[in-house]
Amino acid sequence: MDLFDPIDRETLDWLEFGASRVGLNQHYVTDQQALYQQLCDECQWSQPAVFLFGKRHKVPRLNAFYGDSGVEYRYSGLTHRAEGWPASLQMLKTRIDSLLGTRFNTVLLNWYRDGGDTMGYHADDEAVLGPEPTIASISLGAPRRFVMKRRNDPKVKREVMLEGGSLPVMAGRFQHDWLHAVPAARRVREGRINLTFRRVNSPEH
Ligand SMILES: O=C(O)CCC(=O)C(=O)O
Ligand SMILES: [Mn+2]
């Protein structure tokens with residue numbers, strides 16, 4: 001199965017964000033429905049709880065986490081520990097690393113089961129990701145809005161519709177200067193999986 005369009009796979013359009021960089025290829029994975037189904041079936045999904053403002057909340061979506069064995073990623077009181085790469089995700093990681101010149105060591109997956117599953121405004125700015133992390137994200141299944149607002153001037157907003165098969169890349173000062181979210185979409189009945197490839201730095205890795 002060739003999941004990649006041989007023409008589009010090497011290209012990213014960089015959106016105008018100044019020192020915050022957001023790149024986008026809307027058609028990176030061509031056979032994206034097959035990959036969506038495979039990941040639904042093969043990943044170990046759970047619905048963990050996080051602590052926000054001292055209260056425990058189940059995240060409003062499902063999660064899975066893979067990566068180099070032993071790498072741990074902590075955020076909002078939650079710890080994910082990687083136990084290796086399934087073959088399909090290892091292949092994706094290798095392709096993306098060669099496109100971006102990265103060495104990702106983890107992937108966090110979010111399964112939005114329908115338009116009621118969401119991700120609130122946040123930045124991926126944990127110290128272990130480094131000062132200007134490059135985070136590559138793949139979206140599969142239903143198109144969903146990806147909305148952004150400037151931290152120091154929240155009236156300044158941007159958004160893109162992430163199609164199934166798209167590859168947005170966040171880089172430069174993006175996590176310092178912007179927050180991002182995937183809001184509810186009442187009419188969406190289909191699911192969406194998003195994969196974010198990250199490099200988690202720690203003394204051991
Ligand atoms: O689902 C998305 O497109 C965004 C996911 C995200 O921001 C994250 O996992 O940190
Ligand atoms: Mn994020």
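These figures come from a predicted structure and were not determined experimentally. (Residues numbered from 1 in each chain as written. Chains lettered and ligands numbered in written order. Predicted model: local features only at pLDDT ≥ 70, side-chain atom pairs only at ≥ 80, totals over all residues. Heavy atoms only, no water.)

Participant: An account of the coordination of the manganese ion (ligand 2) is needed here, citing residue identities and associated values.
Facilitator: Each protein donor to the manganese ion (ligand 2) is listed here as His122 (NE2), Asp124 (OD) and His180 (NE2); together their distances run 2.1 to 2.2 Å. Written as a sequence motif, the donor arrangement for the manganese ion (ligand 2) is H-x1-D-x55-H. Here the residue Asp124 occupies a position in the loop between strand E9 (119–122) and strand E10 (135–141), and His180 occupies one in strand E14 (residues 178–182), the gap between them amounting to 56 residues. Of the residues examined, His180 reaches a relative accessible area of 4% and is grouped as buried. (Donors = N, O, S within 2.8 Å, 3.2 Å for Na, K, Ca; no water. Helix = DSSP H or I, 4+ residues; strand = E, 2+ residues; numbered from the N terminus. Buried < 20%, exposed > 50% of the residue type's maximum accessible area, 1.4 Å probe, protein only.)

Participant: Can you explain the UniProt feature "domain: Fe2OG dioxygenase" (unreviewed entry) in the chain? Please cite residues and give values.
Facilitator: UniProt records the feature "domain: Fe2OG dioxygenase" (unreviewed entry) for residues 103–201 in the present numbering. In residues 103–201, helix accounts for 4% and strand for 54%; the two terminal C-alpha atoms are 11 Å from one another. (UniProt positions renumbered as here; feature names shortened; annotations may be inferred.)

Participant: Can you tell me about the sheet that holds strand E12 (residues 153–162), naming the residues and giving the values?
Facilitator: Read across the sheet, 4 strands follow the order E9-E14-E11-E12 without closing on themselves; strand pairing throughout is antiparallel. Of all strands in the sheet, those with a lone pairing partner are E9 and E12, marking the two edges. Adjacent strand axes in the sheet meet at a mean angle of 15° when their direction is disregarded. Across 4 bridges, strand E11 (residues 144–150) lies against E14 in antiparallel orientation. Its bridge partner lying in E14, Lys149 is registered against Leu179. (Pairing = 2+ DSSP bridges. Axes fitted to C-alpha atoms, helices over the stretch in contact; angles between N-to-C directions.)

Participant: I'd like a description of the site of ligand 1, backed by residues and values.
Facilitator: Surrounding ligand 1, one finds 13 residues, the nearest of these being Asn110, Tyr112, His180, Arg192 and Arg198. Between an oxygen atom of ligand 1 and a side-chain N or O atom of Asn194, the distance comes to 3.3 Å. Within the complex, the protein chains bury 98% of what would otherwise be the 300 Å² of accessible surface of ligand 1. Looking at which element gives the most residues to the shell around ligand 1, the answer is strand E15 (residues 192–198), with 4 residues. A class-by-class count of the residues in the shell around ligand 1 yields 5 nonpolar, 5 polar and 3 charged. (Near = heavy atom within 4 Å. Polar contact = N/O pair within 3.5 Å; in protein donor to acceptor, adjacent residues only side chain to side chain. Areas by Shrake-Rupley, 256 points an atom, 1.4 Å probe, with all protein chains shown as cover. Nonpolar A, V, L, I, M, F, W, Y, C, P; charged D, E, K, R; others polar.)

Participant: Residue-level account of helix H2 (residues 87–100), with values.
Facilitator: Here H2 contains 14 residues, and its C-alpha end-to-end distance of 20 Å stays within 8% of the 20 Å for a straight helix at 1.5 Å per residue. The set of residues buried in H2 consists of Ser88, Leu89, Leu92, Lys93, Ile96, Asp97 and Leu99. Seen along its axis, H2 keeps its buried residues to an arc of 160°; they face one direction. When the buried face of H2 is taken as reference, the exposed residues oriented beyond 90 degrees from it are Ala87 and Ser98. (Expected span 1.5 Å × (residues − 1). Arc of directions from axis to C-beta.)

Participant: Give me the sheet that holds E15: which residues, what numbers.
Facilitator: What the 7 strands build is an open sheet, ordered E1-E2-E13-E10-E15-E8-E5; its pairing is antiparallel. The strands lining the two open edges of the sheet, one partner per strand, are strand E1 (13–15) and strand E5 (62–67). Within the sheet, the average angular offset between the axes of one strand and its neighbour, ignoring direction, is 20°. Inspection of the sheet shows strand E8 (residues 106–112) paired to E15 by 7 bridges, in the antiparallel sense. Paired with Asn110 across the strands is Asn194, a residue of E15.

Participant: Outline the confidence of the model for the chain, listing residues and values.
Facilitator: When the pLDDT values of the chain are averaged, the result is 91; 94% of them are 70 or greater. A low-confidence stretch, residues 1–9 (pLDDT under 50), is modelled with 28 contacts involving residues beyond four sequence positions or located in other chains. (pLDDT = per-residue confidence, 0-100. Contact = heavy atoms within 4.5 Å.)

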